[in-house]
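Examination of the molecular architecture
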Amino acid sequence: MANPHILHVVGARPNFMKVAPVIRALAEYGSIRQTLVHTGQHYDFNLSETFFQELEMPAPDVNLLVGSGSHAQQTAEVMKRFEPVVLERRPEMVMVYGDVNSTVAAALVCAKLQVPLAHVEAGLRSFDRTMPEEINRLLTDQIAALLFTPSQDGNDNLAREGIAPSRIHLVGNVMIDTLMRMLPCARARVPAHLPDQFVLVTLHRPTNVDDVAWLGHILRLLARISESTTVIFPVHPRTRERLAAAALTGENHRGLHLSQPLPYLDFLALQTRATVVVTDSGGIQEETTFLGTPCITVRENTERPITVTLGTNTLAGRNPARLCAELERVLSGARKRGQVPPYWDGHAAERIAAVVHAAF
Ligand code: UD1
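Since this is a predicted model, take the numbers as computed values, not measurements.

1. Here we look at the overall build of the chain
Scanning the chain from terminus to terminus reveals 15 helices and 13 strands. A globule of 360 residues ought to have a C-alpha radius of gyration of about 21 Å, and the chain, at 20 Å, matches this closely. Counting only C-alpha atoms, the chain reaches 65 × 40 × 40 Å along its principal axes. Every one of the 360 residues in the chain was classed for burial, and the buried ones make up 57%. Across the chain, every contact between residues at least 6 apart in sequence was considered, and the portion connecting residues at least 24 apart equals 70%. One way to put it: in the chain the 34 positive side-chain charges average out to a point 2 Å from where the 36 negative ones average out.

As structure tokens, then:
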């Protein structure tokens, strides 16, 4: 085909650093036309536009402006607003990223309209179907014609689910492509007066922040740690709402710094220097593994097991004693040393682009 048209769909913060290198790599094939659709699932400047600026991405061609809502509302709204875009623009292929509601919504629209779908970051499984992301991953992978996995466990999971091997391509981690490209800029953003030791925290999963008793436990633990070690905690809007509703603040603790969500480069800068990162994010488990920074994940499971088996990640579960013990262990100098997984080498998007180009 002379000029295939690829339409990318993104919607939430973790999507943006994944699409950026793919757009760049596909642009190297001058023959491919590209359209970028933002669903508007994330709309705050700090969660969306700042990423487009810092990653030097083209502005979205279309913004569906779906905003927040229940899972059903949000997914349905993306579907309703995305369908006419596909009908009008008639792409040869749609590419979706990660596991957010926008990902599965776009995938379902493509299935109904019989437009071939490619899924970047396919095959990851937490085996925990109470997580909305796990359902999004399972359904998107069943629909996709091309599945790009970041690590071998993804291939194994897809094979077990009966996906034909010819559709699966182990390409590596596109988020690490972006990280490697942006690392020099991030290093230049390291704040001048950072303490030698500090804990960097992000929490936004419903299992952590919607349970007020558990969120209170975590905040009190961080407050106690902050008496001897600085704690930096950029707060996701969902978490901010829950903290406010429960009247939980870190105000009385000078070492505990709560802030707005940080732009990509500032957060990456802090990850390069943190003594330990405490998180429930998927992407941050991967970024810390690449950077060699110890990571404690406040979850019972992870869809990214390679960050535990090979990388610097430790699962603390939802257990206060374990979380406290893990933190104290790392702060006393016992760091987990890891390795960078195969194909997390800055060239994943090029491998994806080669497969996509060859498909036409
Ligand atoms: C979503 C993804 C999650 C991902 C996370 C990264 C799903 C099911 N979840 O979770 O996998 O790890 O993004 O951040 O897709 N809000 C704002 N401003 C915004 C966006 C959201 O204030 O720009 C607030 C709203 O109150 C909203 C809440 O945050 O109701 C949750 O937003 P939503 O997009 O539903 O899910 P996230 O928790 O961000």
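2. Some points on the nonpolar core
Core analysis: the biggest nonpolar cluster contains 43 residues, and Met95, Phe148, Tyr264, Ile352 and Val356 have the highest contact counts within it. When residues in this core are grouped by element, the largest group, eight residues, is from helix α1 (residues 13-27). Residue assignment places this core across two domains, with domain 1 (5-173 + 344-358) and domain 2 (185-331) each supplying three or more. Formed by 28 residues, the second largest nonpolar core is a distinct cluster that contains Leu219, Leu222, Leu256 and Ile296.

3. A look at the site of the ligand
Lining the immediate environment of the ligand, one finds 19 residues, of which His42, Asn101, Glu133, His204 and Glu241 sit closest. Contacts to the ligand include His236, whose side-chain N or O atom sits 3.0 Å from an oxygen atom. The separation between an oxygen atom of the ligand and a polar side-chain atom of Glu241 is 2.7 Å. Burial of the ligand by the surrounding chains reaches 88%, relative to a free accessible area of 740 Å². Counting only elements with at least two residues in the shell around the ligand, the list comes to α1, α3 (71-89) and α10 (237-245). Taken together, the residues that form the shell around the ligand break down as five nonpolar, eight polar and six charged. Both domain 1 (5-173 + 344-358) and domain 2 (185-331) contribute no fewer than three residues apiece to the shell around the ligand.

4. Description of the packing of α1 against helix α7 (residues 174-187)
One can describe the packing of α1 onto α7 by two numbers: an axis separation of 7 Å at closest approach and a directional angle of 80°. One way to sum up the angle between α1 and α7 is to call them roughly perpendicular. Seen from α1, the contacting residues are Met17, Lys18, Ala20, Pro21, Val22 and Arg24; seen from α7, they are Val174, Met175, Asp177, Thr178 and Arg181. Residue classes in the contact of α1 with α7 are distributed as six nonpolar, one polar and four charged.

5. Topic: the environment of Ala107
Counting through the fold element by element, Ala107 comes out in helix α4 (residues 101-113). The buried category is assigned to Ala107, whose relative accessible area is 0%. Between the C-alpha atom of Ala107 and that of His119, which follows or precedes it by 12 residues, the distance is 8.7 Å. Apart from the residues lying within four places of it in its own chain, the contact partners of Ala107 are Leu117, Thr140 and Ile143.

6. Quick look at the sheet that holds strand β13 (residues 313-315)
Taking strand neighbours across the sheet as the criterion, the six strands line up as β10-β9-β8-β11-β12-β13 in an open arrangement whose pairing is parallel. Taken across any chain shown, the strands that pair with only one partner, and hence form the sheet edges, are β10 (256-259) and β13. Taken over all neighbouring pairs, the strand axes of this sheet differ in orientation by 20° on average, direction set aside. The sheet contact formed by strand β8 (residues 198-202) and strand β9 (residues 230-234) spans three bridges and is parallel. Paired with Phe198 across the two strands is Thr230, which belongs to β9. Running at roughly 140° to β9, helix α9 (residues 212-225) makes contact with β8, β9 and β10 of the sheet. On top of the sheet, helix α14 (residues 320-331) reaches β8, β11 (276-279), β12 (295-297) and β13; it is set at about 160° to β11, its chief contact.

7. Brief notes about the domain arrangement of the chain
One frequently used descriptor of interface size is the decrease in accessible area upon assembly of the parts. For the chain, the domain assignment lists domain 1 (5-173 + 344-358) and domain 2 (185-331). Summarising the inter-unit geometry, the C-alpha centres of domain 1 and domain 2 are found 27 Å apart. Every contact between the two is made by 23 residues of domain 1 and, on the other side, 21 residues of domain 2. Contact between domain 1 and domain 2 buries roughly 1,800 Å² in total, counting both sides, with carbon and sulfur atoms accounting for 56%. Where domain 1 packs against domain 2, one counts four salt bridges. Two residues, Glu133 and Arg205, come together in a salt bridge whose shortest N-O distance is 2.9 Å. Applying the counting criterion to the domain 1 and domain 2 interface returns seven residue pairs in polar contact (both at pLDDT 80 or more). Broken down by secondary-structure element, the contributors of at least two residues to the side of domain 1 that touches domain 2 are α1, α2 (49-54) and α5 (132-143). Looking at the side of domain 1 that touches domain 2 residue by residue, the class counts come to seven nonpolar, six polar and 10 charged.

Calculation rules
Residues numbered from 1 in each chain as written. Predicted model: local features only at pLDDT ≥ 70, side-chain atom pairs only at ≥ 80, totals over all residues. Heavy atoms only, no water. Helix = DSSP H or I, 4+ residues; strand = E, 2+ residues; numbered from the N terminus. Rg over C-alpha atoms; globule rule 2.2 N^0.38 Å. Buried < 20%, exposed > 50% of the residue type's maximum accessible area, 1.4 Å probe, protein only. Contact = heavy atoms within 4.5 Å. Lys, Arg positive; Asp, Glu negative; His and termini not counted. Charge placed at Lys NZ, Arg CZ, Asp CG, Glu CD. Core = buried A, V, L, I, M, F, W, Y, C linked by side-chain atoms within 4.5 Å. Domains from an automatic or database assignment. Near = heavy atom within 4 Å. Polar contact = N/O pair within 3.5 Å; in protein donor to acceptor, adjacent residues only side chain to side chain. Areas by Shrake-Rupley, 256 points an atom, 1.4 Å probe, with all protein chains shown as cover. Nonpolar A, V, L, I, M, F, W, Y, C, P; charged D, E, K, R; others polar. Axes fitted to C-alpha atoms, helices over the stretch in contact; angles between N-to-C directions. Parallel < 35°, antiparallel > 145°, perpendicular 65-115°, else oblique. Pairing = 2+ DSSP bridges. Buried area = accessible area lost by both parts, 1.4 Å probe. Salt bridge = Lys/Arg side-chain N within 4 Å of Asp/Glu carboxyl O.

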